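Coordinate analysis (summary)
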Amino acid sequence: MDIFLLFGVFMLLLLLGVPVAYSLAAAALVVLLYLDLPSIVLVQQVGAGIGTASLIAIPLFIFAGELMMRGGISDRLISLAAALVGRIRGGLGQVSILSSLFFGGVSGSAIADVSAVGGTMIPQMVNRGYDRDFAVNVSITAALVALLVPPSHNLILYSAAVGGGISIADLFAAGIVPAVLMTVVLMFTGYLVARRRGYGTEPFPGMRAVLVRLVAALPGLGLVALIFVGIRAGIFTAVESAAMAVLYALLVTIAVYRMMRWKAFIGAVAHAARTTGVILFVIATAALFGWLLAYLEVPAAAVELLQALADNRYAVLLLIVLILLLLGTFMDLAPMILICTPIFLPVAKAFGVDPLHFGTVLVLAGGIGLVTPPVGSVLFVGTAIGKIGIGESMKSIWPFWLAAIAVLLLVTLFPQLSLWLPALFRG
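Calculation rules
Residues numbered from 1 in each chain as written. Predicted model: local features only at pLDDT ≥ 70, side-chain atom pairs only at ≥ 80, totals over all residues. Heavy atoms only, no water. Helix = DSSP H or I, 4+ residues; strand = E, 2+ residues; numbered from the N terminus. Rg over C-alpha atoms; globule rule 2.2 N^0.38 Å. Buried < 20%, exposed > 50% of the residue type's maximum accessible area, 1.4 Å probe, protein only. Contact = heavy atoms within 4.5 Å. Areas by Shrake-Rupley, 256 points an atom, 1.4 Å probe, with all protein chains shown as cover. Phe/Tyr/Trp six-rings, centres within 6.5 Å; stacked < 30°, edge-to-face > 60°. Lys NZ or Arg CZ within 6 Å of the ring centre and 35° of its normal. Patch = residues over 30% accessible without salt bridge, like charges linked within 9 Å, V, L, I, M, F, W, Y side chains within 5 Å. Salt bridge = Lys/Arg side-chain N within 4 Å of Asp/Glu carboxyl O. Axes fitted to C-alpha atoms, helices over the stretch in contact; angles between N-to-C directions. Parallel < 35°, antiparallel > 145°, perpendicular 65-115°, else oblique. Left-handed = near helix turned anticlockwise from the far one by under 90°. Nonpolar A, V, L, I, M, F, W, Y, C, P; charged D, E, K, R; others polar. Core = buried A, V, L, I, M, F, W, Y, C linked by side-chain atoms within 4.5 Å. Expected span 1.5 Å × (residues − 1). Bend = angle between axes of the 7 residues up to and from the residue.

**Considering the overall build of the chain**
- Of regular secondary structure, the chain possesses 21 helices and zero strands.
- Relative to the 2.2 N^0.38 estimate, which gives 22 Å for 427 residues, the radius of gyration of the chain is 21 Å and therefore close to what a compact globule would have.
- Based on the C-alpha atoms only, the size of the chain along its principal axes is roughly 70 × 45 × 45 Å.
- Taking all 427 residues of the chain together, the buried fraction comes to 53%.
- In the chain, the proportion of contacts linking residues at least 24 apart, taken out of those at least 6 apart, comes to 79%.
- Total accessible area computed for the chain in this model is approximately 17,100 Å², and 69% of it derives from carbon and sulfur atoms.

Okay, structure coming up:
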């Protein structure tokens, strides 16, 4: 009855449109009262949920991404991508995908990616004769790449949800190959769709222009190297690298690009503060929810159930992926990571799945939910920018959605795609 209450109240409130954080807190409070546990437990677990030192990296990385987005980096990254892949069929679509890979390494956020890159590329594609649905669909699915490349704050959330014993540097490394694979597969899909619809290409500007644009974009791309190399080499902790990222972003946008104005800086501070507040509130309430899951022995029950349903690692992983895809249709990625990690990670580990591999699968599967209705935040942002209805976008998104599913299955069934690079750096 207590487990039924916990999940039943949570699901009911979600269906009624109550925000996820309030739904988590209310469901946990109902069960606490039902079990006659001291109400101080709620306060203790909420405080403990946001008391992890590694979480300090999240607001700092968000702030650094905001600074780079408003300080001219997105325009230079798009310009570089246009020089590199614009001559491929469906040129502006290809530019949008590659730009998402570049910008993901600056923002670490799918929402920021589709806002910055999509906000620039979707109107350009529409003005150049591309259909609105293609412009939106290619931009929102490309934003999934940002979830996997450093400094993805979703991977940091996963590290916090694990409760220690997993390296953030290894997590960052684990996401790089799947991110590149997703980029290549989406570009190939974009080529096929563009060829069927008769879209053209962009003229090649010449090697000199490529080099000029590369030099212009290098200060922005240097943020990725600062974060990844700094953590990987042991020079910085994750929190220290986030602080250095903010200082570097200020230096680049003020002294190098000279595009950071006072109004833009205030906007970056305000938006980063709002985003941080939302994320930390979700983390706090999800920590209470997760504590109740452990108290009610839900992870152990999940292990027993999945062991009864499947008898090998890959069958269990595919079952978990299916559940994650279903959950992703109505749950945002951050609470999904915080809730599902304590439930499914013990199951995965019981079948010999590496936590690095599982983290990559979890973030990628949850990320696909961001472009799937009814609660797809990236989908909402992209369709708002493209000025089309969600239904219109859904009619033609299926090639890109299937491409993302194909990459998810490859990453799930071939662990070395996410484990090879961390092992290489450690070795």
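**What to know about the packing of aromatic side chains**
- With the rule as written, the count across this model stands at nine aromatic pairs.
- Ring centres 5.9 Å apart and planes at 85° place the aromatic pair Phe7 and Phe289 in the edge-to-face group. Here Phe7, found in helix H1 (residues 2-15), pairs with Phe289, found in helix H13 (residues 262-295); they are 282 residues apart in sequence, far enough to count as distant.
- One aromatic cluster in this structure is built from Tyr130, Phe134, Tyr199 and Phe400.
- Its end group placed over the ring of Tyr257, Arg76 keeps NZ or CZ at 4.0 Å from the ring centre.
- Over the ring of Phe204 we find Arg87, and its NZ or CZ is 4.1 Å from the ring centre.

**A look at a nonpolar patch on the surface**
- On the surface, Phe204, Met207, Leu211, Leu214, Val215 and Leu218 cluster together into a nonpolar patch covering about 550 Å² of accessible area.
- Mapped onto the elements, Met207 comes out in helix H11 (residues 207-232).

**Concerning the environment of Ile62**
- Mapped onto the secondary structure, Ile62 falls in helix H4 (residues 57-70).
- Distance from Ile62 to Ala242, taken between C-alpha atoms, is 9.0 Å for residues 180 residues apart in sequence.
- Non-local contacts of Ile62, meaning those with residues more than four positions away in its chain, are made with His153, Ala272, Thr275, Thr276 and Ile279.

**Description of the packing of helix H9 (residues 153-162) against helix H10 (residues 168-197)**
- Put simply, H9 and H10 touch, their axes get as near as 10 Å, and they point 135° apart. On the basis of their axis angle, the class for H9 and H10 is oblique. Helix-helix and strand crossings are classified by hand; for H9 and H10 the assignment is right-handed. Contacts between H9 and H10 pair Leu155, Ile156, Tyr158 and Ser159 from the former with Ile168, Leu171 and Phe172 from the latter.
- The residue makeup of the contact of H9 with H10, split by class, is six nonpolar, one polar and no charged.

**Remarks on the nonpolar core**
- Counting 148 residues, the largest nonpolar core has Phe10 and Phe358 as its most contacted members.
- The element that contributes the greatest number of residues to this core is helix H16 (residues 333-350), accounting for twelve residues.
- Setting aside chain neighbours within four positions, we find Phe358 in contact with Tyr158, Leu317, Ile320, Phe344, Leu345, Ala348 and Val353.

**Some remarks on H11**
- The end-to-end C-alpha separation of H11 is 33 Å, well short of the 38 Å expected for 26 residues at 1.5 Å each.
- Considering bend angle alone, the principal kink of H11 is centred on Leu218 and spans about 50°; proline Pro219 follows within four residues of it.
- Of all the residues in H11, the buried ones are Ala209, Val210, Ala217, Pro219, Gly220, Leu223, Ile227, Phe228, Gly230 and Ile231.
- Phi turns positive, to about 80°, at Gly234, one or two residues after H11.

**Some thoughts on H4**
- In a regular helix each residue adds 1.5 Å, so 14 residues correspond to 20 Å; H4 covers 20 Å between its end C-alpha atoms and thus fits that length.
- With eleven of 14 residues buried, H4 lies mostly within the body of the structure.
- What H4 keeps buried is the set Ala57, Ile58, Phe61, Ile62, Phe63, Ala64, Gly65, Glu66, Leu67, Met68 and Met69.
- Looking at the residues trailing H4, positive phi occurs at Gly72, about 100°.

**Side note on the pattern of salt bridges**
- Here the structure, examined in full by the defined rule, presents four salt bridges.
- Across the pair Glu202 and Arg128 runs a salt bridge, and its minimum N-O distance is 2.9 Å. Here the residue Glu202 occupies a position in the loop between H10 and H11, and Arg128 occupies one in the loop between helix H7 (110-127) and helix H8 (132-142), the gap between them amounting to 74 residues.
- For Arg197, the salt bridge is made with Asp131, and the minimal N-O distance between the two is 3.1 Å.

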